[in-house]
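# Residue-level structural notes
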Amino acid sequence: MATAKTARKTVNGVAVDDLLTTIEAIGATPSIAKFTFRLRNQWNEAAQNQSIVDKFHGAGQEVSHPLPFVLVADEPAVLLGKDEAANPVEHLLHALAACLTTSMVYHAAARGIEIEEIESSLEGHIDLHGFLDLDPGVRKGYQGIRVKFKIKADVPEERLQEIMQLGTGHSPVFDSLTNGVPVSVTTERL
């Protein structure tokens, strides 16, 4: 006797049934929603340093990635680096773009909205007078970030705007940047 397989429903490459099961599980057991992401960073030389991402805590347990991820940061030559990797503020733009995009895709999938393509371009403005302590009135970080999305989906214009708002309305990175997040820093001797 042959057994019929039920086709898994996917929207935007997301296994919607699994996504909805996850949402239900978190609704039923709120404690599994608490995640702690972490990494270890080590300075190499000059502007170069690298971070290792290998474990996180989530869904009530310690989870290891199958292989550790290595994130390298450097600075361009004009900022005295070797220009062998994106610099930290470029990594921040990447984190923002990736999180906004993922938030759009997942939340659209949960609503049954199919997206064919998403592209984004980000631009952040920094004045080095702040970083170099040349002007205490100038902020050290980004003074502003502009994000532009191009979305291909067979939906009316107002629905396209709704898709974009799924990103800004649900992205943890967007929320952290626009609402601020407490950061504590300590040090000890190596």
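Presented here is a report on the structure given in the accompanying data block. Computed from a predicted structure; not experimentally measured.

The end-to-end C-alpha distance of helix H2 (residues 88-110), which contains 23 residues, comes to 33 Å, matching closely the 33 Å that a straight helix rising 1.5 Å per residue would cover. Along H2, the positions that sit buried rather than exposed are Leu93, Leu96, Ala97, Cys99, Leu100, Ser103, Met104, Val105, Ala108 and Ala109. Phi for glycine 112, located one or two positions after H2, is positive at around 75°.

Where two aromatic rings form a pair, the distance of their centres and the angle of their planes describe that pair. The final tally for this structure, using the stated rule, is 3 aromatic pairs. Among the aromatic residues, those joined into a ring-pair cluster are Phe35, Phe37 and Phe56.

Along the polypeptide, glutamate 75 turns up in the loop between strand E6 (61-73) and H2. Here glutamate 75 occupies a buried position and makes no salt bridge, while the nearest side chain of opposite charge, lysine 82, is found at 14 Å. The residues touching glutamate 75, leaving out its near neighbours within four places in the chain, are Ala47, Gly81, Lys82, Asp83, Asn87 and Pro88.

Below, the discussion takes up the packing of H2 against helix H4 (residues 157-170). Taken N-terminus to C-terminus, the directions of H2 and H4 make an angle of 115°; their axes are 7 Å apart at the nearest point. Considering the relative orientation of H2 and H4, their crossing is right-handed. Packed against H2, whose contacting residues are Leu100, Ser103, Met104, His107 and Ala108, the element H4 presents Ile163, Met164, Leu166, Gly167, Thr168 and His170 at the interface. The class makeup of the residues in the contact of H2 with H4 is 6 nonpolar, 5 polar and no charged.

Here we come to the nonpolar core. Counting residues in hydrophobic clusters, the biggest one holds 12 residues: Leu96, Leu100, Met104, Ala108, Ile113, Ile115, Phe149, Ile151, Ala153, Leu160, Ile163 and Leu166. Mapped by element, the contributors of at least two residues to this core are H2, strand E8 (144-152) and H4. Dropping the residues within four chain positions of it, methionine 104 is found in contact with Ile115, Ile118, Phe149, Ile151, Ile163, Met164, Leu166 and Gly167. Within the second largest apolar cluster, 6 residues are counted, among which are Val14, Val16, Leu19 and Val105.

About the criteria used
Residues numbered from 1 in each chain as written. Predicted model: local features only at pLDDT ≥ 70, side-chain atom pairs only at ≥ 80, totals over all residues. Heavy atoms only, no water. Helix = DSSP H or I, 4+ residues; strand = E, 2+ residues; numbered from the N terminus. Expected span 1.5 Å × (residues − 1). Buried < 20%, exposed > 50% of the residue type's maximum accessible area, 1.4 Å probe, protein only. Phe/Tyr/Trp six-rings, centres within 6.5 Å; stacked < 30°, edge-to-face > 60°. Lys, Arg positive; Asp, Glu negative; His and termini not counted. Salt bridge = Lys/Arg side-chain N within 4 Å of Asp/Glu carboxyl O. Contact = heavy atoms within 4.5 Å. Axes fitted to C-alpha atoms, helices over the stretch in contact; angles between N-to-C directions. Left-handed = near helix turned anticlockwise from the far one by under 90°. Nonpolar A, V, L, I, M, F, W, Y, C, P; charged D, E, K, R; others polar. Core = buried A, V, L, I, M, F, W, Y, C linked by side-chain atoms within 4.5 Å.

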